[in-house]
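Letter by letter, the chains look like this.
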Amino acid sequence: MKRVNILDCTLRDGGYLIDSQFGSTAIKGIIQGLTESGVDVIECGFLKDEPHKNGSTVFNHAAQLRPFLPENRNQASYVCLADYSRYSIENLEFYDGTSIDGVRACFFKEERYDVIQFCRSIKEKGYKLYVQPVDILGYTDSELLELIENVNELDPYAFSIVDTFGSLYKEDLQRVFYLIHHNLCASAKIGFHSHNNLQMSFALSQEFIEMTQGLRQVVVDASMAGMGRGAGNTNTELVMQYMNRKFNSGYDINVLLDLIDNYIDGFRNHYEWGYSIPYYLAGSYSAHVNNITYLSAKAGIASRDINYLLNRLGASNRKRYDYDLLEKTYLEYLSTICDDEDAVSLLRKHFAGKDILILLPGHSIVTYKQKIEDYCKEKNPVVVSVNLISRDYAINYAYFSNKNRYQYWRSATHFGDYKKIVTSNVTTEKEENQIVIDFTRLVKCGWEQLDNSGILLLRLLDLLDVAGIAIAGFDGYSHNNYSQNYVQKAMEKTRNTLNAEEANKDIMSMLEDYMNTRNLDCPVSFLTPSLFEAAIDRQNKEQ
C-alpha cells in the first residue's frame with residue numbers, strides 16, 4: 001500500500017470559481033484522465049441538498065455520479081465532499097461499489113459535536129470516512145485533542161489538516177501534525193489540504209510528505225494548475241513530479257498535462273486564480289476569501305487599505321463574510337482620510353527642536369506628580385496630553401485619537417481652553433484651536449491594538465523634528481487591579497472588554513517596532529514606571 005496518496009480536488013475546489021459548471025464532457029474527461037494518470041483519490045465534487053444540474057459537480061445522491069466514472073478504475077478511489085450544514089446524510093444511499101467509495105465530511109468548529117453522528121452515518125452506510133475540520137488553526141490544542149478523541153471512536157479512514165485560509169507556516173504544520181499523529185487512531189491516514197495565499201502551498205506539501213515518512217500513511221490534496229478559489233491550491237502536476245522524482249511513484253504526468261491543456265486552460269481564459277497581493281493579505285489575517293473579492297471590487301482601493309480593513313474587522317469577523325459589516329467598516333475608513341500637509345507643517349514649526357513630554361492617562365501621573373513637575377521645571381518641555389484634559393498639569397496640547405475619549409471631554413467646561421491635536425478618525429472638522437491629522441498617516445497594521453493612542457502620537461512626533469521625548473503615564477494594563485489602570489475611574493475598561501495580557505503584549509510589540517523603524521534620531525525615555533520600559537531600554541543600549 002502506498003505511503004503517500006495524491007488526492008486531486010479540481011472538480012470540487014475548482015468548482016468554487018465556476019459555480020461547479022464544468023460541463024458533463026469535461027467532468028467525464030477529467031475523471032477518466034486522472035484515473036489513467038495514476039492519481040490515487042479523485043474528488044468528484046460536492047454532495048449538497050440541491051438538485052443535480054446537467055454539467056455540474058454538485059450531486060444530491062451518489063448514484064448520480066455513476067455515468068461519470070470509468071469502468072476500469074485502475075485502483076483509483078472516488079470521493080465527494082459533504083458539508084455538514086448543507087447536506088442531509090439520509091439522502092446518501094448505502095455503498096454498493098458502483099459509485100463513489102468515500103465521503104469527506106466538512107464542518108466548522110462550532111459544529112464539531114453535532115457532526116459526529118453525521119460522520120457515523122457515513123461509516124454505517126459503507127463509505128470511507130474522511131474527517132475535514134475547517135480552519136485547523138482556529139482550534140486550540142485542547143479543542144483539537146477533544147475532537148480527535150471523539151473522531152477516534154468512528155475509526156475514520158483519514159483525518160485532514162485543512163489550511164482553510166492559507167495561513168500555515170512550516171512550524172504550524174509541524175506542531176499540528178505531531179499533535180494529531182500522537183493522538184489519532186493508528187489506522188487512520190492524515191491528510192493535508194492547503195491554499196497558496198502565502199506562496200507556500202507546494203513547499204508545505206513537500207514538508208508534509210518528508211516529515212511523515214515512517215510515521216503515517218498520508219493524503220496530499222492538490223488541483224490541476226492549482227485551480228481553486230482565490231489563491232488556489234497546491235498543483236497536482238507539481239506534487240506528481242515531486243513524488244516521481246523522490247519516490248519513483250510512477251504517475252503519468254503527460255496524461256495530466258493533456259488534461260490541463262484540454263480542460264483547465266480553457267477555464268483560465270475566463271477565470272482568475274493564484275497568488276496575488278490581496279490573497280496574500282487574506283492568508284496573513286486568516287480571512288475568508290470572499291472578503292477580499294468584495295473589497296477588491298472597490299474602485300481605487302489600495303492594498304494598504306485592504307490591509308487596514310482586514311486588521312480592523314477582528315479575528316472572528318475575518319473568518320466569515322458579512323458584507324454589511326464590510327461596507328460599514330470601509331465607509332468609516334474612507335471618512336478618516338484627509339489632507340493634513342498644512343497641519344503637519346504648522347505643528348513642525350511649534351515642535352521642532354523642543355523637548356516633548358507625553359502625558360498619558362495612566363495612574364502613575366498621580367503617584368509621580370512631583371517627578372513630572374520637576375522635569376517640567378528643568379526642561380520646559382511642550383506637554384502633550386493623550387486623551388486627557390486636566391487642570392493638574394500644564395498642558396500645551398491635548399491630543400485625541402480615541403473618539404470616545406474626545407466625546408467624553410467635549411462636555412468639560414474648560415475643553416475649549418486647550419489647543420488640540422485630533423486624528424481624522426475622531427473628527428475631520430477644523431475648529432478653532434484644533435489641528436486635524438490624517439489617521440491613516442499614523443496607523444500601522446499587524447496588531448489588534450493598532451490604534452493605541454500613545455503609539456500613534458509617537459509616530460506623529462517623529463514627523464516634527466523634536467529634540468527629545470519623555471513619556472509619563474504609559475503604565476500598561478493591570479491583570480488584577482483594573483481600578484488602577486487610569487488616572488480617572490471614568491476611563492476604565494472592564495474585564496469583559498479588555499484582555500490585559502494580550503493588550504500589553506501587543507503594545508510592547510508595537511513599541512519595539514516603533515523604536516526599530518522610527519524616522520527621527522532623538523532620545524526617548526520613560527519618566528514614570530511602565531511595563532514597556534524594556535522595549536526602549538533595549539534600543540537605547542543597542543545605540
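What counts, and at which threshold
Residues numbered from 1 in each chain as written. Predicted model: local features only at pLDDT ≥ 70, side-chain atom pairs only at ≥ 80, totals over all residues. Heavy atoms only, no water. Helix = DSSP H or I, 4+ residues; strand = E, 2+ residues; numbered from the N terminus. Buried < 20%, exposed > 50% of the residue type's maximum accessible area, 1.4 Å probe, protein only. Contact = heavy atoms within 4.5 Å. Areas by Shrake-Rupley, 256 points an atom, 1.4 Å probe, with all protein chains shown as cover. Lys, Arg positive; Asp, Glu negative; His and termini not counted. Charge placed at Lys NZ, Arg CZ, Asp CG, Glu CD. Polar contact = N/O pair within 3.5 Å; in protein donor to acceptor, adjacent residues only side chain to side chain. Pairing = 2+ DSSP bridges. Core = buried A, V, L, I, M, F, W, Y, C linked by side-chain atoms within 4.5 Å. Phe/Tyr/Trp six-rings, centres within 6.5 Å; stacked < 30°, edge-to-face > 60°. Axes fitted to C-alpha atoms, helices over the stretch in contact; angles between N-to-C directions. Expected span 1.5 Å × (residues − 1). Right-handed = clockwise from strand over helix to strand, strands pointing away. Salt bridge = Lys/Arg side-chain N within 4 Å of Asp/Glu carboxyl O.

J.: Is there a simple way to think about the overall build of the chain in this case?
T.: In terms of helices and strands, the chain carries 21 helices and 16 strands. Along the first, second and third principal axes, the C-alpha atoms of the chain reach 90 × 45 × 45 Å. When each of the 543 residues of the chain is scored for burial, the buried share is 57%. Taking all contacts inside the chain whose residues are at least 6 apart in sequence as the whole, residues at least 24 apart take part in 72%. Counting only carbon and sulfur atoms, one obtains 45% of the accessible surface of the chain, whose full area is about 23900 Å². When the 55 positive and 71 negative side-chain charges of the chain are each reduced to one mean point, those points stand 3 Å apart.

J.: Please clarify how the environment of T234 should be interpreted in this entry.
T.: Counting through the fold element by element, T234 comes out in the loop between β9 (218-222) and α7 (236-247). Given a relative accessible area of 1%, T234 falls into the buried group. As for T234 and A222, which are separated by twelve residues in sequence, their C-alpha atoms are 4.8 Å apart. With residues up to four places along the chain from it excluded, the contact list for T234 reads S194, S201, F202, S205, D221, A222, S223, G226 and V239. A polar side-chain atom of T234 sits 2.5 Å from a polar atom in the side chain of S201. Within the structure, the side chain of T234 is placed 3.1 Å from the side chain of S205, a separation counted as a polar contact.

J.: Is there a simple way to think about the pairing of strand β4 (residues 77-83) in this case?
T.: Regular strands have side chains that alternate between both faces of the sheet. Extensive coverage of β4 is indicated by the burial of seven of its seven residues. Both faces of β4 are covered, namely the face carrying S77, V79, L81 and D83 and the face carrying Y78, C80 and A82. Note that strand β2 (residues 41-47) and β4 share five bridges and pair parallel. Bridging across to β4, I42 finds its partner in Y78. Relative to strand β5 (residues 102-107), β4 is paired through five bridges, and the arrangement is parallel. Directly across from V79, in β5, lies its bridge partner G102.

J.: Help me understand the nonpolar core, please; the structure alone is not making it clear to me.
T.: If you look at soluble globular proteins, the nonpolar side chains tend to sit buried side by side. Ranked by size, the top nonpolar core spans 80 residues in total, and within it L144 and I161 carry the most contacts. Setting aside anything within four residues of it in sequence, one finds I161 in contact with I136, L168, L173, V176, F177, I180, I190, G191, F192, H193 and F208. In this structure, I292, F439, V443 and A535 belong to the second largest nonpolar core, which totals 66 residues.

J.: Hey, could you run me through the environment of L313 in this one?
T.: Note that L313 resides in helix α11 (residues 303-313). Take L313: its relative accessible area is 8%, and that puts it in the buried class. Setting aside its immediate chain neighbours within four residues, L313 contacts R318, L325, L326 and T329.

J.: Just to check I follow, could you spell out the side chain of S223 for this structure?
T.: Within the fold, S223 resides in the loop between β9 and α7. Taking the relative accessible area as the measure of exposure, S223 reaches 0% and is therefore buried. Not counting residues up to four positions away in its chain, the partners in contact with S223 are D8, C9, T10, N233, T234, N235, T236 and E237.

J.: So what exactly am I meant to see when it comes to the packing of aromatic side chains here?
T.: How two aromatic rings sit relative to each other is set out by the distance from centre to centre and by the angle between their planes. The full count for this structure, using the stated rule, is 22 aromatic pairs. With 4.9 Å between their ring centres and 15° between their planes, Y294 and Y323 make a pair best called stacked. Here Y323 lies in helix α13 (residues 323-334) and Y294 lies in helix α10 (residues 289-296), a separation of 29 residues in the sequence. Look at Y294 and you get partly exposed, because its relative accessible area is 23%. The interplanar angle of 85° and the centroid separation of 5.0 Å between the aromatic rings of Y408 and W409 together place this pair among those described as edge-to-face. For W409, a relative accessible area of 6% translates into the label buried. What links up through ring pairs into an aromatic cluster is the set F177, Y178, F192 and F208.

J.: What's the story with the sheet that holds strand β12 (residues 397-400) in this structure? I'm lost.
T.: Sheet strands associate in pairs through backbone hydrogen bonding, adopting either a parallel or an antiparallel arrangement. Pairing is parallel in the open sheet, where seven strands are placed in the order β14-β13-β12-β11-β10-β15-β16. Two strands bound the open sheet, and with one partner strand each, they are β14 (434-437) and β16 (524-526). The mean angle between the axes of side-by-side strands here comes to 20°, regardless of whether they run parallel or antiparallel. Of the strand pairs in this sheet, strand β11 (residues 382-386) and β12 are connected by three bridges, and their pairing is parallel. For V384, the partnering residue across the bridge sits in β12 and is Y397. Packing of helix α14 (residues 341-351) onto the sheet brings it into contact with β10 (355-359), β11, β12, β13 (419-423) and β14, and relative to β14 it is tilted by some 120°.

J.: Can you walk me through helix α20 (residues 500-517) in this structure?
T.: Side chains three or four residues apart in an α-helix point the same way, a direct result of the helix having 3.6 residues per turn. Taking 1.5 Å of rise per residue, the 18 residues of α20 would be expected to cover 26 Å, and the 26 Å separating its terminal C-alpha atoms lies within 8% of that figure. Within α20, burial applies to A500, A503, N504, D506, I507, M508, M510, L511, D513, Y514 and M515.

J.: How should I be thinking about the pairing of β12 in this particular structure?
T.: Here β12 shows two buried faces, one formed by Y397 and Y399 and the other by A398 and F400. One ladder, built from four bridges, connects β12 with β13; its direction is parallel. Looking at the pairing, Y399 lines up with I421 of β13. With helix α17 (residues 403-410) bridging β12 and its parallel neighbour β13, the resulting β-α-β unit is right-handed.

J.: In this structure, what is going on with the pattern of salt bridges? I would like to understand it.
T.: Pairs can form between side chains of opposite charge whenever their charged atoms are close. Tallying each qualifying case throughout the model produces 20 salt bridges. Of the charged contacts, one joins D221 and R104 as a salt bridge, the two residues approaching to 2.7 Å between their closest N and O atoms. Of the two residues, D221 is situated in strand β9 and R104 in strand β5; the sequence distance between them amounts to 117 residues. What makes D221 buried here is its relative accessible area of 2%. In this structure, D141 and R175 form a salt bridge, with 2.7 Å as the shortest nitrogen-oxygen distance. Of the two residues, D141 sits in helix α4 (residues 141-152) while R175 sits in helix α5 (residues 170-181), which places them 34 residues apart along the sequence.

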